[in-house]
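This is what each chain is made of:
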Amino acid sequence: DEINRGLSVALNAVMQLTNDQTYDSMELPEGSRIIACINPEKDGTYDVGRMDDAQLDRFGIYEVTSDPEEWCKWAAEHDVDERIIRYITQFPSNLCPYDNKELV
């Protein structure tokens, strides 16, 4: 999570894991996948580093779109507090305040 906010030593570890499936003396089990999330670069809102092309080339980038109506249905089925569901129903843009252009 938030690999573009980590120290360079952590990002180097992620690079080694994605390249060699190892870090130091540890090896990932066969078939392992690395899933990473980043925070968007947005007008100094977050203290994030920009990932260079060599780093980005090691990941598939997927657009994730939030659907407030679908989320509320899921939340109701999973006993999420009704106050949260009502809030998202009233303010659906707060479920995901970023658009995909900002994230990608």
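Participant: Where do I start with the overall build of the chain in this structure?
Facilitator: The helix and strand tally for the chain stands at five helices and two strands. What you see in the chain, going N to C, is helices and strands ordered as α-β-β-α-α-α-α. Burial status across the chain gives 17% buried among its 104 residues. Of all intrachain contacts in the chain linking residues separated by at least 6 positions in sequence, the fraction that spans at least 24 positions is 55%. Put simply, the chain shows about 8,400 Å² of open surface, and 49% of that area lies on carbon and sulfur atoms.

Participant: Just to check I follow, could you spell out the environment of Leu95 for this structure?
Facilitator: Examined against the element boundaries, Leu95 turns out to sit in the loop between helix H4 (82-90) and helix H5 (100-103). Each C-alpha atom of the pair Leu95 and Pro68 lies 6.5 Å from the other, and the pair is 27 residues apart in sequence. Every residue in contact with Leu95, bar those within four places of it in the chain, is listed here: Ser66, Asp67, Pro68, Trp71 and Ile88.

Participant: Teacher, can you tell me more about the confidence of the model for the chain here?
Facilitator: In low-pLDDT regions, the fine details of the predicted coordinates are not to be read closely. Averaged over every residue, the pLDDT of the chain is 79; the share at 70 or more is 82%. When mean pLDDT is taken per element in the chain, H4 scores highest with 94 and H5 scores lowest with 52.

Participant: Would you take a moment to explain the packing of helix H3 (residues 68-77) against H4 for this structure?
Facilitator: A packed helix pair is summarised by two numbers, namely the angle formed by the two axes and the spacing between the axes. Following both chains from N to C, one finds H3 and H4 inclined at 170 degrees, their axes separated by 10 Å at the closest point. Relative to H4, H3 is oriented roughly antiparallel. Note on element contacts: H4 touches H3 through Ile84, Ile85, Ile88 and Thr89, opposite Pro68, Trp71, Cys72, Ala75 and Ala76. Here the residues of the contact of H3 with H4 sort into eight nonpolar, one polar and no charged.

Participant: When you look at the side chain of Thr18 in this model, what are you seeing that I'm missing?
Facilitator: Mapped onto the secondary structure, Thr18 falls in helix H1 (residues 8-20). The exposure class assigned to Thr18 is buried, which follows from its relative accessible area of 17%. Look past the residues within four positions of Thr18 in its chain and what remains in contact with it is Ile34, Arg58 and Phe59.

Participant: What should I look at first to understand H3 in this one?
Facilitator: Since one α-helical turn is 3.6 residues long, residues separated by three or four positions face the same way. Where H3 starts, the residue carrying a side-chain oxygen 3.1 Å from the main-chain nitrogen of Glu69 turns out to be Asp67. Where H3 terminates, the next one or two residues include Asp79, which has phi positive at roughly 55 degrees.

Participant: Even after reading the chapter, I still don't get the pattern of salt bridges, so can you show me in this structure?
Facilitator: For the coordinates displayed, the defined rule picks out one salt bridge. Note that Asp81 and Arg83 form a salt bridge whose closest N and O atoms lie 2.6 Å from each other. Given a relative accessible area of 58%, Arg83 falls into the exposed group.

Participant: When you look at the nonpolar core in this model, what are you seeing that I'm missing?
Facilitator: Nonpolar side chains in soluble globular proteins generally cluster together in the buried interior. In terms of nonpolar packing, the biggest core is built from five residues, these being Ile3, Leu11, Val14, Met51 and Phe59. When residues no more than four places from it in sequence are discounted, the contact partners of Ile3 are Leu11, Val14, Ala36, Cys37, Ile38, Met51 and Phe59.

Rules of the game
- Residues numbered from 1 in each chain as written.
- Predicted model: local features only at pLDDT ≥ 70, side-chain atom pairs only at ≥ 80, totals over all residues.
- Heavy atoms only, no water.
- Helix = DSSP H or I, 4+ residues; strand = E, 2+ residues; numbered from the N terminus.
- Buried < 20%, exposed > 50% of the residue type's maximum accessible area, 1.4 Å probe, protein only.
- Contact = heavy atoms within 4.5 Å.
- Areas by Shrake-Rupley, 256 points an atom, 1.4 Å probe, with all protein chains shown as cover.
- pLDDT = per-residue confidence, 0-100.
- Axes fitted to C-alpha atoms, helices over the stretch in contact; angles between N-to-C directions.
- Parallel < 35°, antiparallel > 145°, perpendicular 65-115°, else oblique.
- Nonpolar A, V, L, I, M, F, W, Y, C, P; charged D, E, K, R; others polar.
- Polar contact = N/O pair within 3.5 Å; in protein donor to acceptor, adjacent residues only side chain to side chain.
- Salt bridge = Lys/Arg side-chain N within 4 Å of Asp/Glu carboxyl O.
- Core = buried A, V, L, I, M, F, W, Y, C linked by side-chain atoms within 4.5 Å.

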